[in-house]
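Each chain, written out:
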Amino acid sequence: MGAGHVHALYVHEPGRLHPLAPQAKLVGLVLFVLAVVATPREAFWAFGVLAVLVAGVALAGGLSLRRLAGRLVIEAPFLAFALFLPFVGHGPHATVAGLSLSTPGLWGAWNIVAKGTLGVAASVVVASTTPVTQLLHGLERLHLPRVVTAIAGFMVRYLDVTTGELQRLSIARQSRGHDPRWIWQARAVAASAGTLFIRSFERGERVHLAMVARGYDGTLPLLEDQRAPARDWLACLAVPATAALIACLAWTVLR
Amino acid sequence: MSSPPALDVRGLAFAYPDGRQALFGVDLRVEAGERVALLGPNGAGKTTLALHLNGILGGGAGTVDVAGMRVAKANLKEVRRRVGIVFQDPDDQLFMPTVARDVGFGPANLGQRGAELAASVHDALHTVGMAEHAGRAPHHLSFGQRRRVAVATVLSMRPDVLVLDEPSSNLDPAARRELADVITGLAVTTLMITHDLPYALQLCPRALVMDEGTIVADGPTRDLLADADLLAAHRLELPYGFDPLSVPPPPG
């Protein structure tokens, strides 16, 4: 009935992170990523501590490490690119297990893998503990342009409707014996994509019509406006503050 | 009559930009508090007429007055508050991330904010029995629930006239009955566009038949539906075995 769940990332079991204000979580996430990126890649210990930090936050949010690891799969394509670097890098080479690998390439790969994984893991934690509507609200509170949050909102709202239509088109095709296996059979699939585009375009017009009928005059009103309590800010900023401290130590005392 | 009619349409004609003429001089008058069904086959011009009632379409001949106010560019905002249209596909109507925000969209466009807005949203959702779903996303609701929320999105603007475009389409019998309960519970002038004839009989004491861009019949729903020649002439058909004279008259 098209009533599937788009919020596949959201974990419904309530944890301690769920009730925190979304804008505080978003700011905390961005600052955390900055702190991670600022950490020197030579400080292996620092990345260990940061990983423990992320894992601790995930556990506090009621997210099992297994689930977190499962969702990290999304960064696999980037990791594949990173693994390529030691083979194509220039500069001095080192021999590892019989392979001649570029030392700067190895450092570059490590840098991407470590920092990327930490950043993705932190994003996964936020996405798992914040419903999409809350994320949009948080972005509005952070004064992201209204047109951007509106577009994101429309996307979230109609993704499900459009994928539902795509599925129905595909089922209808298959029911008539279509079973594409080769590239030259892709014609029907392409035609479906075209149909879907036209339908979405027409739906866009109908949605606009329904909006105009309710007095829409070009600006979307901001409906909710909840301030984040200081407690939430404190909790959400403690994590990037810790990460920043680790980065500072890695650059100075413990270099 | 002391108060002006809720809807007063005179000589309304309209052709789409591509030249296809959809309305050929429509006259109709709906008194305040009436519940009227607008019946007619596909392509009769029913939806085109509805889009004239709140000034989305216009520019042809004739006039539309809503509770005494002429539909014209200068007072479109007030006209759109007065006439609430519930479109056929709730997915076209519900576009906000949550039910509450969608129901609040209309009143917020009217300038409501804060507690006043929250009260409008709550009242409208309560009326359609969806208050407990305020925080949910529209696509997580069943089709029948979405249809009722779509009704709430215009009720929250406290309209004088509610226009429902095919309200019973795609509903299962239980959702259909729930929607009927909501509609009969409303104290607002209602124009219901439909080709679901039993539903029209159940909800609307009066009916209009529209075909080829004009109103061809106007009278008590029961009498119109009992007129087999009229129905046959305008591609309207009762469900198999349904006798409009065998059911009790609609309430109100």
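Residues numbered from 1 in each chain as written. Chains lettered and ligands numbered in written order. Predicted model: local features only at pLDDT ≥ 70, side-chain atom pairs only at ≥ 80, totals over all residues. Heavy atoms only, no water.

**Section: the nonpolar core**
- If you look at the biggest cluster of nonpolar residues, it comprises 44 residues, and the most contacted ones within it are Leu39, Val103 and Leu162 of chain B.
- The leading source of residues in this core is helix 6 (residues 143-155) of chain B, at seven residues.
- Not counting residues up to four positions away in its chain, the partners in contact with Leu162 of chain B are Gly84, Val86, Val154, Leu155, Leu186, Val188, Thr189, Thr190 and Leu191 of chain B.
- Within the second largest apolar cluster, 34 residues are counted, among which are Ala213 of chain A together with Leu23, Val26 and Met210 of chain B. (Core = buried A, V, L, I, M, F, W, Y, C linked by side-chain atoms within 4.5 Å. Buried < 20%, exposed > 50% of the residue type's maximum accessible area, 1.4 Å probe, protein only. Helix = DSSP H or I, 4+ residues; strand = E, 2+ residues; numbered from the N terminus. Contact = heavy atoms within 4.5 Å.)

**Regarding the interface of chain B and chain A**
- Listed by partner, the interface residues are 36 residues for chain B and 34 residues for chain A.
- In total, chain B and chain A occlude about 3000 Å² of area from one another, counting both sides; carbon and sulfur atoms represent 58% of this.
- The interface formed by chain B and chain A holds seven salt bridges in total.
- When the shortest N-O distance is used, the salt bridge between Asp102 of chain B and Arg214 of chain A registers 2.8 Å.
- Taken together, chain B and chain A are joined by 12 residue pairs in polar contact (both at pLDDT 80 or more).
- Those elements that place two or more of their residues in the side of chain B that touches chain A are helix 2 (76-82), helix 3 (90-93), helix 4 (99-109) and helix 6 of chain B.
- Sorting elements by how many residues they give to the side of chain B that touches chain A places helix 4 of chain B first, with seven residues. (Buried area = accessible area lost by both parts, 1.4 Å probe. Salt bridge = Lys/Arg side-chain N within 4 Å of Asp/Glu carboxyl O. Polar contact = N/O pair within 3.5 Å; in protein donor to acceptor, adjacent residues only side chain to side chain.)

**Some points on the packing of aromatic side chains**
Residue and element names in this part refer to chain B.
- Enumeration according to the criterion identifies nine aromatic pairs over all chains in this entry.
- The interplanar angle of 80° and the centroid separation of 5.0 Å between the aromatic rings of Phe14 and Tyr16 together place this pair among those described as edge-to-face.
- The exposure class assigned to Phe14 is buried, which follows from its relative accessible area of 7%.
- Classification of Tyr16 by relative accessible area gives partly exposed; the value is 22%. (Phe/Tyr/Trp six-rings, centres within 6.5 Å; stacked < 30°, edge-to-face > 60°.)

**A few points about the domain arrangement of chain A**
- Each domain of chain A was delimited in the assignment, giving domain 1 (22-138 + 228-251) and domain 2 (145-213).
- Each of domain 1 of chain A and domain 2 of chain A has a C-alpha centre, and the two are 35 Å apart. (Domains from an automatic or database assignment.)

**Side note on helix 6 of chain B**
- For helix 6 of chain B, with 13 residues, the first-to-last C-alpha span of 19 Å sits near the 18 Å given by 1.5 Å per residue.
- With respect to burial, helix 6 of chain B is a largely interior element, 13 of its 13 residues being buried. (Expected span 1.5 Å × (residues − 1).)

**A few points about the sheet that holds strand 2 (residues 21-30) of chain B**
All names here are of chain B.
- Sheet architecture is open: four strands sit in the order 2-1-4-5, paired in antiparallel fashion. Looking at which strands have only one partner, the edges of the open sheet turn out to be strand 2 and strand 5 (69-70).
- Where strand 1 (residues 7-15) and strand 2 come together, seven bridges link them in antiparallel fashion. Across the sheet, residue Val9 finds its bridge partner in strand 2, namely Leu28. (Pairing = 2+ DSSP bridges.)

**A few points about the confidence of the model for chain A**
All names here are of chain A.
- Taken as a whole, chain A shows an average pLDDT of 83; of its residues, 91% reach a score of 70 or greater.
- Mean pLDDT values for the elements of chain A range from 74 in strand 1 (residues 93-96) up to 93 in helix 1 (residues 22-38).
- Confidence drops under a pLDDT of 50 for residues 1-6, and excluding neighbours within four residues, the segment shows 17 contacts in the predicted structure. (pLDDT = per-residue confidence, 0-100.)

**Concerning the sheet that holds strand 3 (residues 35-39) of chain B**
Residues and elements named next belong to chain B.
- In spatial order, the strands read 6-7-8-3-9-10; together these six strands make up an open sheet with mixed pairing. A single partner strand is all that each edge strand has here, and the edge strands are strand 6 (83-86) and strand 10 (214-220). Neighbouring strand axes in the sheet, compared pairwise and without regard to direction, differ in orientation by 20° on average.
- When strand 9 (residues 206-211) meets strand 10, the two strands line up antiparallel, connected through six bridges. Counterpart to Ala207 in the pairing with strand 10 is Gly219. (Axes fitted to C-alpha atoms, helices over the stretch in contact; angles between N-to-C directions.)

**Topic: the packing of helix 6 of chain B against helix 7 (residues 173-184) of chain B**
Residues and elements named next belong to chain B.
- Running from N to C, helix 6 and helix 7 point in directions that differ by 15°, and their axes come no closer than 9 Å. When the interaxial angle is binned, helix 6 and helix 7 end up roughly parallel. Remark: the crossing between helix 6 and helix 7 carries right-handed chirality. Facing helix 6, whose interface residues are Gly144, Arg147, Arg148 and Val151, helix 7 presents Ala175, Glu178, Leu179 and Val182.
- Residues that form the contact of helix 6 with helix 7 fall into these classes: four nonpolar, one polar and three charged. (Parallel < 35°, antiparallel > 145°, perpendicular 65-115°, else oblique. Left-handed = near helix turned anticlockwise from the far one by under 90°. Nonpolar A, V, L, I, M, F, W, Y, C, P; charged D, E, K, R; others polar.)

**A word on the environment of Ala207 of chain B**
Residues and elements named next belong to chain B.
- Mapped onto the secondary structure, Ala207 falls in strand 9.
- On the accessibility criterion, Ala207 (0% relative accessible area) is buried.
- For the pair Ala207 and Ala37, spaced 170 residues apart in sequence, the C-alpha to C-alpha distance is 4.5 Å.
- Apart from residues no more than four positions distant in its own chain, Ala207 is found in contact with Val36, Ala37, Leu39, Ala217, Asp218, Gly219, Thr221 and Leu224.

**Observations concerning helix 2 (residues 44-60) of chain A**
Residue and element names in this part refer to chain A.
- With 17 residues, helix 2 should reach 24 Å at 1.5 Å per residue; the first-to-last C-alpha distance of 25 Å fits that figure.
- Considered for burial, the residues of helix 2 that qualify are Ala46, Phe47, Leu50, Leu53, Val54, Val57 and Ala58. Along helix 2, the residues classed as buried sweep out an arc of 135° about the axis, all on the same side. Summarising the geometry of helix 2, the exposed residues directed more than 90 degrees from the buried face are Val52 and Leu59. (Arc of directions from axis to C-beta.)

**Looking at the environment of Phe14 of chain B**
Residue and element names in this part refer to chain B.
- By secondary structure assignment, the location of Phe14 is in strand 1.
- Residues Phe14 and Thr48, 34 residues apart in the sequence, show an inter-C-alpha distance of 8.5 Å.
- With sequence-adjacent residues up to four places away left out, Phe14 is seen in contact with Gln21, Ala22, Leu23, Thr48, His52, Leu57, Gly58 and Gly60.

**What about unusual backbone geometry?**
- Within the chain, His143 of chain A stands out as a residue other than glycine whose phi angle is a positive 65°.
- Residue classification places His143 of chain A among the exposed residues on the basis of a relative accessible area of 71%.
- Of note in this structure, Glu212 of chain B is not a glycine but carries a positive phi near 50°.
- Its place among the elements puts Glu212 of chain B in the loop between strand 9 and strand 10.

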